[in-house]
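Structure at a glance
Single-letter residue listing:
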Amino acid sequence: MNGKSLKTKISPEIRLSIRESQDSIRVKVGGFEIGGDNLTVIAGPCSVESREQLLETARSVKRSGASILRGGAFKPRTLPYSFQGLGVEALELLQEAKAETGLPIVTEVMSVEDVEIVERFSDMLQIGARNMQNYPLLKRVGKTRSPILLKRGFSATIEEFLGSAEYILKEGNWRVVLCERGIRTFEPITRFTLDLSVVAVLKQISHLPVIVDPSHGTGWSSLVPPMAKAALAAGSDGIIVEVHPCPEKALSDGQQSLNLEEFSQMMQGLKEIAKAVGRTI
Ligand code: PEP
Ligand code: MN
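Quick summary incoming for the structure in this document. (Residues numbered from 1 in each chain as written. Chains lettered and ligands numbered in written order. Predicted model: local features only at pLDDT ≥ 70, side-chain atom pairs only at ≥ 80, totals over all residues. Heavy atoms only, no water.)

**Points about the coordination of the manganese ion (ligand 2)**
Selection criterion: Shown as donors are all N, O and S atoms within 2.8 Å of a metal ion, widened to 3.2 Å for Na, K and Ca; because water is not in the atom set, sites may appear incomplete. Counting from the N terminus, the helices are DSSP H or I runs at least four residues long and the strands are E runs at least two residues long. Buried means the residue's accessible area, taken with a 1.4 Å probe over protein chains only, is under 20% of the maximum for its type, while exposed means over 50%, and partly exposed covers the values in between.
Distances from the manganese ion (ligand 2) to its protein donors, C46 (SG), H216 (NE2), E242 (OE) and D253 (OD), fall within 2.1 to 2.4 Å. The sequence pattern describing where the donors of the manganese ion (ligand 2) fall on their chain is C-x169-H-x25-E-x10-D. Separated by 207 residues along the polypeptide, C46 in the loop between β3 (40-44) and α2 (51-64) and D253 in the loop between β10 (238-242) and α10 (260-276) bring together distant segments of the chain. Taken individually, C46 and D253 each receive the classification buried, so the pair is uniform in this respect.

**Here we look at the packing of aromatic side chains**
Keep this limit in mind: Only the six-membered ring of Trp is used, alongside the rings of Phe and Tyr, when aromatic pairs are assigned; centres must lie within 6.5 Å, and planes under 30 degrees apart are stacked while those over 60 apart are edge-to-face, with the rest tilted. Criterion for a charge above a ring: Arg CZ or Lys NZ at most 6 Å from the ring centre, at most 35 degrees from the ring normal.
By the definition in use, this model includes two aromatic pairs. A centroid spacing of 4.5 Å and a plane angle of 25° characterise the contact between Y135 and Y167, whose relative ring orientation is stacked. Separated by 32 residues along the polypeptide, Y135 in helix α5 (residues 135-142) and Y167 in helix α6 (residues 158-170) bring together distant segments of the chain. Taking relative accessible area as the criterion, Y135 reaches 30% and is therefore assigned partly exposed. Taking relative accessible area as the criterion, Y167 reaches 31% and is therefore assigned partly exposed. Seen from the ring of W174, R175 lies directly overhead, with NZ or CZ sitting 4.7 Å from the centre. Here the basic side chain of R181 rests over the ring of F192, its NZ or CZ set 4.2 Å away from the ring centre.

**Brief notes about helix α7 (residues 197-205)**
Note the following rule: Taking the helix axis as origin, the arc is that swept by the directions to the C-beta atoms.
Buried within α7 we find V198, V199, V201, L202 and I205. Axial view of α7: buried residues confined to an arc of 165°, hence all on one face.

**Some thoughts on the site of ligand 1**
Quick reminder of the rule: Nearness of a residue to a molecule or strand requires only that one of the residue's heavy atoms be within 4 Å of it. A 3.5 Å cut-off defines polar contacts: any pair of N or O atoms within that distance qualifies, except that in protein one atom must be a possible hydrogen donor and the other a possible acceptor, and neighbouring residues in sequence count only when both atoms are side-chain atoms. Here the accessible surface of atoms and residues is derived via Shrake-Rupley with a 1.4 Å probe, and residues count as covered only by protein chains that are part of the display.
In the neighbourhood of ligand 1, 13 residues make up the surrounding shell, with R70, K75, A129, R130 and R181 lying closest. Residue A129 places a main-chain N or O atom 2.7 Å away from an oxygen atom belonging to ligand 1. R130 has a polar side-chain atom sitting 2.9 Å from an oxygen atom of ligand 1. Taking 300 Å² as the accessible area of ligand 1 by itself, protein coverage stands at 97%.

**Some remarks on the pairing of β10**
The condition is simple: Pairing between two strands is assigned when DSSP locates at least 2 bridges connecting them.
In terms of residue burial, β10 counts as a mostly covered element, since five of its five residues are buried. Burial along β10 is two-sided: G238, I240 and E242 facing one way and I239 and V241 facing the other are all buried. By the bridge criterion, five bridges tie β3 to β10 in an arrangement that is parallel. Pairing of I42 across the sheet is with I240, part of β10.

**Brief notes about the packing of helix α9 (residues 224-233) against α10**
To be explicit about the condition: Here, axes are lines fitted to C-alpha atoms. For helices the fit covers the stretch in contact, and angles between N-to-C directions go from 0 to 180 degrees. If an angle is under 35 degrees, it is roughly parallel; if it is over 145, roughly antiparallel; if it lies from 65 to 115, roughly perpendicular; otherwise it is oblique. Helix crossings are classified by the rotation of the near helix relative to the far one: an anticlockwise turn of less than a right angle makes the crossing left-handed, while a clockwise turn makes it right-handed. Any two residues whose heavy atoms approach within 4.5 Å at even a single point are treated as in contact.
Contact geometry of α9 with α10 gives a least axis separation of 10 Å together with a crossing angle of 20°. Here α10 runs roughly parallel to α9, going by the angle between their axes. Pair α9 / α10 crosses with right-handed handedness. Contacts between α9 and α10 involve V224, P225, A228, K229, L232 and A233 from the first element and M266, G269, L270 and I273 from the second.

**A look at a nonpolar patch on the surface**
Stated formally: Patch membership is restricted to residues that have no salt bridge and whose relative accessible area is over 30%. Joining uses 9 Å for like charges and 5 Å for the nonpolar side chains Val, Leu, Ile, Met, Phe, Trp and Tyr. The working definition used for a salt bridge is a side-chain nitrogen of Lys or Arg within 4 Å of a carboxyl oxygen of Asp or Glu.
A cluster of nonpolar side chains, contributed by I189, W220 and L223, occupies part of the molecular surface with about 290 Å² of accessible area. On the secondary structure map, L223 appears in the loop between α8 (214-218) and α9.

**Considering the state of the cysteines**
Condition: Here, two cysteine sulfur atoms that lie within 2.5 Å of each other are counted as a disulfide.
In this structure the tally under the stated criterion is zero disulfides. Just so you know, C246 is unpaired, no disulfide at all, and the nearest cysteine sulfur is the one on C46, 15 Å from it. What makes C246 partly exposed here is its relative accessible area of 23%.

**A look at the pattern of salt bridges**
One pass over the structure, following the stated rule, counts 12 salt bridges. Across the pair E33 and R26 runs a salt bridge whose closest N-O atoms are separated by 3.7 Å. R26 gets classed as partly exposed once you look at its relative accessible area, which sits at 46%. Between R51 and E96 there is a salt bridge, with the nearest N and O atoms lying 2.3 Å from each other. Of this pair, R51 sits in helix α2 while E96 sits in helix α3 (residues 88-101), and the two are 45 residues apart along the sequence.

**Notes on the environment of T218**
With respect to the secondary-structure elements, T218 resides in helix α8. Once the C-alpha coordinates of T218 and Q256 are considered, the two residues, 38 residues apart in sequence, prove to be 7.5 Å apart. Among residues more than four places away in sequence, those in contact with T218 are T190, R191, F192, L223, V224 and M227. Within the structure, the side chain of T218 is placed 3.3 Å from the backbone nitrogen of W220, a separation counted as a polar contact.

What follows is the structure in structure tokens.
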């Protein structure tokens, strides 16, 4: 099947995120660009938990070659009893980490009311999987000039995923990066099933950069390095991974978080893959 016939599978009403509208784009985040020859590695803790935890992680991932720092301030947790994030305090800590390391910040925004403050403290807004179809939120971030990291809902088809991107683009914000983070299947061993075929599909039909989240996509830290390599080999423009100085003590997603040394080792392997696909990290 060639690219043209794949595109015929998508509703003709989806137009702004489809490749015909323009060549592949690059999205600038701080001093870095997502898309193009360079591969982007976004790393950091699932949640910002403390000053020490965040700064130690930020310094270390920077040394290992990450280009953007992640860290959740407002957390979408399955249960209301779980750690909900430090909120504005976390945003301030992210700013401090940026000031020290120079790494731009991506963090999730969960509600329309929080867009203004999260925008003030970050370089890129993350729309989480659970909010991929929160249309008022998509319209609101579409009115900003911030780059948007749009994560695929775990039950969303490719057309629904692009439909959500379309909401943001239609408001005038074309700085959208798509992120595959695993979908629900019948398989219970992994947390989700990382759909790497979507990378190849999106590369054929859309001009938007695509990155992959092997941490949420698998749920197991031991599966992160191999799936990160596979993502880059499949044509992904980068990866986003969870890293924690002491994953056993993490307040969220410890099981899928790499420790600092594991992240550093993974980066060595990714450099080999980058070379093989003619790109750089
Ligand atoms: C996260 O990045 O920590 C997160 C909650 O991601 P997702 O929305 O993909 O579950
Ligand atoms: Mn997480």
